[in-house]
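Reading the structure
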Amino acid sequence: MNRNYWIFTLFGIFIAYMFYAMISCNTPEGNPTDHPDSLFTDAVFVGEKKCQSCHAEQHNEWRKSDHYLAMQAANDSSILGDFNNAVFTADGVTSRFFKKDGKFFINTEGDDGNNHDYEVLYAFGYFPLQQYLIAFPGGKMQSTRLSWDSRSKKWFHQYSGQKIYHKDWLHWTGGSQNWNTMCASCHSTNLQKNYTAETDSFHTTWHDMNVSCESCHGPGSKHIDFMQTDDYANGKRLKNSGFVYSNDTSSIHQLQTCAPCHARKSDIAADKMNSDEMLDDIIPQVISSEFYFADGQIDDEAYEYGSFTQSKMFHANVKCSNCHNPHSGKLKKLGNDLCLSCHQPSYNSEEHHFHKLNTESAQCVSCHMTSKTYMGNDHRRDHSFRIPRPDQSVTFGTPNACNGCHQDKSAKWSANAVEKWYGPTRKYHFSDDLVPGSLLNEQSEIHLIKLLKDTLQPEIARATAAHYLGSIATQQSANALIFALHDMKPLVRYQVIRALENFNSQVWMSNAYQCLSDPVRAVRIAAAGLYRKVPKESVPAEYRNAYDAADAENFKFLNYQTDFSVGNVMLADYSIQGGDNINAIKYYLRGLKKDSLMNYARLNLSAAYNSAGKNPEALKTLTEAAAIDPRNDRIFYNLGLLNYEMGDVANAMINFNKAVALGSLNPGVYYNLGLLLQQQNKMMDAEKILLKGFQLEPMNLKINYALTYMYASGKNMAKAQMHARILQQNDPQNPEYQQLFKTLGL
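Right, let's walk through the structure included here.

Definitions and limits used
Just so you know, the residues in each chain are numbered from 1, in the order the chain's sequence is written. Per-residue local features of the predicted model are confined to residues with pLDDT of at least 70, and side-chain atom pairs are confined, for both listing and counting, to 80 or more; whole-chain, interface and lining totals are unaffected and use all residues. To get the side-chain values, all heavy atoms of the structure are used, and hydrogens and water are removed first. Strands here are runs of E lasting at least two residues and helices are runs of H or I lasting at least four, both read from the DSSP assignment and numbered beginning at the N terminus. The globule rule is 2.2 Å times the number of residues to the power 0.38, and the radius of gyration it is compared with is taken over C-alpha atoms. Accessible area is worked out with a 1.4 Å probe on protein chains only. A residue is then buried under 20% of its type maximum, exposed over 50%, and partly exposed in between. It only takes one pair of heavy atoms within 4.5 Å for two residues to be counted as in contact. Per-residue accessibility takes into account occlusion by the displayed protein chains alone, with areas from the Shrake-Rupley method and a 1.4 Å probe. For the purpose of charge, His is not counted, nor are the chain termini; Lys and Arg are scored as positive and Asp and Glu as negative. Working definition for charges: the position is that of NZ of Lys, CZ of Arg, CG of Asp or CD of Glu. Every case where a carboxyl oxygen of Asp or Glu lies within 4 Å of a side-chain nitrogen of Lys or Arg is listed as a salt bridge. Two distance rules govern patches: like charges are joined within 9 Å, and nonpolar side chains (Val, Leu, Ile, Met, Phe, Trp, Tyr) within 5 Å, applied only to residues with over 30% relative accessible area and no salt bridge. Using protein atoms alone on a 1 Å grid, points that fit a 1.4 Å probe yet trap it form a cavity, whereas open point sets bounded by protein on both sides within 12 Å along at least five of seven lines form a pocket; residues with an atom within 4 Å of a point count as lining. Grid points are joined across faces, edges and corners, and a volume is the space filled by probe spheres set on the points. The classification used treats Ala, Val, Leu, Ile, Met, Phe, Trp, Tyr, Cys and Pro as nonpolar, Asp, Glu, Lys and Arg as charged, and all other residues, Gly among them, as polar. The pairing test for Phe, Tyr and Trp rings, Trp by its six-membered ring, is centres within 6.5 Å, and the orientation test on the planes gives stacked under 30 degrees, edge-to-face over 60, and tilted for anything in between.

**Here's the deal with the overall build of the protein**
Within the protein one finds 35 helices and 15 strands. Since a compact globule built from 746 residues should have a radius of gyration of about 27 Å, the 30 Å found for the protein is in line with a globular shape. Across the 746 residues of the protein, 47% fall into the buried class. In the protein, 55% of the contacts between residues at least 6 apart in sequence involve partners at least 24 apart. Per element, the accessible surface of the protein, about 37100 Å² overall, is 53% carbon and sulfur. Side chains of the protein carry 71 positive and 77 negative charges; the gap between the two charge centres is 3 Å.

Below, the structure written as structure tokens:
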């Protein structure tokens with residue numbers, strides 16, 4: 001068979017795959033050009049009062065919604081909580097709620113550990129809880145964890161049982177409860193946080209204080225202009241009528257309207273592109289076990305987007321407004337009647353759900369939309385609309401709706417009931433591969449690669465498979481990820497690039513260049529971060545302009561995150577990659593100032609100090625890290641390396657041995673300690689330590705070189721040859737090995 005045949009065959013396979021991807025992509029259909037003409041891109045916000053005269057019905061519905069009540073100035077009408085000298089004690093802190101001169105105050109623990117009087121400026125939220133905003137220096141507003149339960153009419157602490165130190169990031173005066181960063185953009189219209197990193201201050205602005213019409217439809221000035229033209233009066237119509245989104249959007253476009261506030265995500269930049277692709281403006285969290293259960297059910301506070309986009313509903317073109325009135329936010333029908341708007345009446349029968357009619361157990365949502373409580377009293381339903389899988393609970397320990405009610409029964413009991421009612425086999429669901437894939441064991445890779453390649457499965461599930469493959473650094477994983485760089489789905493491409501960061505640059509260097517000019521901003525940013533790891537001159541000239549442009553977007557993205565502690569660390573890492581240790585030190589220190597317990601930043605900070613020739617500062621930083629986390633073997637390994645570099649061999653030995661005692665799985669610990677023991681002529685101890693490293697990673701070249709040299713020096717040629725052959729098989733041309741090979745007759 002000739003070479004040309006193979007080239008043609010491979011090309012044909014590639015074209016077939018791309019065609020298959022295009023025709024089988026299961027994102028709901030929608031016109032990707034469902035946006036206004038370019039002449040409307042300079043529209044400005046006009047405020048909700050401009051909408052009322054023409055849209056009275058919708059405006060009246062909106063005024064009854066939680067969106068309307070998302071944020072209000074503090075007054076007797078907006079404040080629901082008891083401020084009549086009410087006293088509440090929780091987790092060691094006693095707080096008092098009172099009024100003075102017509103204003104509302106809370107006396108509670110501040111950032112110095114003492115109680116102070118704080119004036120409430122705004123009511124934040126309405127139901128099922130209401131929080132209160134307090135002004136702090138630097139334009140900051142903080143949201144209290146002491147909240148009013150609107151349902152039970154009482155004060156409560158959102159995280160009962162957590163005694164939080166007043167300097168902790170999680171304290172109400174800390175970063176986790178900072179309104180400007182964590183809350184504001186989804187509670188007000190046209191919110192601009194306007195953060196200045198140099199002064200750690202905000203000049204946050206909004207157009208409407210609450211979530212008004214233009215939060216969803218976009219700025220309305222051009223819409224108003226068009227409605228006043230003769231063209232409109234004469235019957236001319238314009239798509240979307242001058243809005244970013246009109247009232248008849250497709251499911252994908254409507255989702256992109258709701259997702260920025262109903263997803264766990266990162267905002268990319270202050271300038272919103274309002275494009276046809278959501279990942280131009282936000283980067284949503286995938287459904288990994290960090291925030292979800294392994295099968296994709298809600299666990300941590302992740303909102304609705306990640307659940308809904310994995311559902312059959314979404315992929316059958318169901319959109320938010322099919323169930324929710326988009327202006328009032330209320331459900332269009334109650335109970336099972338809502339589901340029966342689309343589903344057959346047979347689903348509302350004992351023959352289907354095997355529970356007594358008109359009971360809580362017979363509600364569709366009880367089985368298909370389980371709930372979990374967040375923020376202390378906010379019960380939210382899982383929007384993945386999944387079929388209960390107690391069989392997965394038996395095998396993997398994931399939760400299921402059956403045992404959520406029947407808590408006195410086992411998962412096996414529930415699985416047997418489902419099998420009795422519906423037969424012995426379950427229809428395939430992506431979780432059948434995602435759950436075993438999430439375990440990251442010997443069987444995970446085959447499941448993850450299968451899911452990544454299956455374009456019939458939800459984009460977010462396939463992107464999660466790519467995320468997990470980043471932790472399985474094999475050739476098979478690399479091949480699957482490289483192939484998926486051409487995937488039709490941007491969230492998949494984004495996660496593929498992030499996963500490739502864990503692979504040697506030789507794996508992706510020549511394969512990911514096209515991502516630098518990807519049509520989607522988040523993908524370009526990820527690609528820029530990937531190539532930031534290699535010298536710029538290694539990027540070919542024809543891609544240099546694309547790299548520079550993408551790198552500028554990445555730098556802008558990172559700067560936009562600096563009001564977060566982790567954002568400063570990311571920008572510091574970026575600086576280190578560019579050889580800028582001075583700025584790296586500055587950003588690491590800023591991050592630690594915002595969150596003093598973010599200990600991994602101290603490891604990077606010490607490396608930056610070391611690279612900048614400031615070893616005393618590096619040593620102090622690592623010593624602080626060890627005091628905070630004395631069980632972290634990596635800290636003691638780094639301390640040992642720094643001790644040795646500074647000529648302190650005794651402490652290097654102590655810290656290397658601490659890393660070993662903590663069960664370090666890093667072969668570098670055993671290599672460096674083994675060499676140090678050899679230098680002290682403790683050959684038996686050195687052999688023991690090096691062999692531990694060899695057991696951890698038999699193909700590690702440094703470990704094998706050290707063992708080869710040690711055995712050859714001790715005239716134990718058989719053992720020396722055994723380890724030398726590993727060197728010869730994996731790096732035969734290395735000049736450092738040649739004399740050893742010659743001595744050993746290899």
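Okay, back to it.
**Side note on the pattern of salt bridges**
Enumeration over the complete set of coordinates arrives at 32 salt bridges. A salt bridge links aspartate 231 to lysine 236; its shortest N-O distance comes to 4.0 Å. Taking relative accessible area as the criterion, aspartate 231 reaches 40% and is therefore assigned partly exposed. In this structure lysine 236 comes out as partly exposed when scored by relative accessible area, which is 43%. In this structure, arginine 386 engages aspartate 295 in a salt bridge whose closest nitrogen and oxygen atoms are separated by 3.9 Å. Highlighted residues: arginine 386 in the loop between β15 (378-381) and α14 (390-396) and aspartate 295 in the loop between β13 (282-284) and α9 (305-308), separated in sequence by 91 residues. Relative accessible area serves as the criterion here: at 11%, arginine 386 is assigned to the buried category. Taken together, the shared-partner salt bridges connect Asp271, Asp281, Arg521 and Lys556 into one network.

**Remarks on a nonpolar patch on the surface**
Together, Phe354, Trp421 and Tyr422 line one region of the surface with nonpolar side chains, adding up to about 280 Å² of accessible area. Note on placement: tryptophan 421 falls in helix α16 (residues 411-422). A relative accessible area of 33% means that tryptophan 421 is categorised as partly exposed.

**Thoughts on empty space enclosed by the protein**
The final tally for this structure, using the stated rule, is five cavities of 30 Å³ or more. What the largest cavity holds in volume is close to 230 Å³. As for the largest cavity, its lining consists of 16 residues, of which Val93, Glu109, His157, His171 and Trp172 are closest to the centre. Breaking the lining of the largest cavity down by element, the ones donating at least two residues are β3 (93-100) and β4 (103-109). Top element by residues in the lining of the largest cavity is β4. It accounts for three residues. As for the second largest cavity, its lining consists of Ile298, Asp300, Ala302, Tyr303, Glu304, Ser307, Tyr374, Arg380, Arg381, Asp382 and His383. A per-class count over the lining of the second largest cavity returns four nonpolar, two polar and five charged.

**So, the packing of aromatic side chains**
How two aromatic rings sit relative to each other is set out by the distance from centre to centre and by the angle between their planes. Applying the stated criterion to the full structure yields 28 aromatic pairs. Considering the side-chain rings of phenylalanine 555 and tyrosine 574, the 5.5 Å spacing of their centres and the 40 degrees angle between planes classify their relative orientation as tilted. Remark: tyrosine 574 occurs in helix α25 (residues 565-577) and phenylalanine 555 occurs in helix α24 (residues 541-560); sequence separation between them is 19 residues. According to the relative accessible area criterion, phenylalanine 555 is partly exposed, its value standing at 37%.

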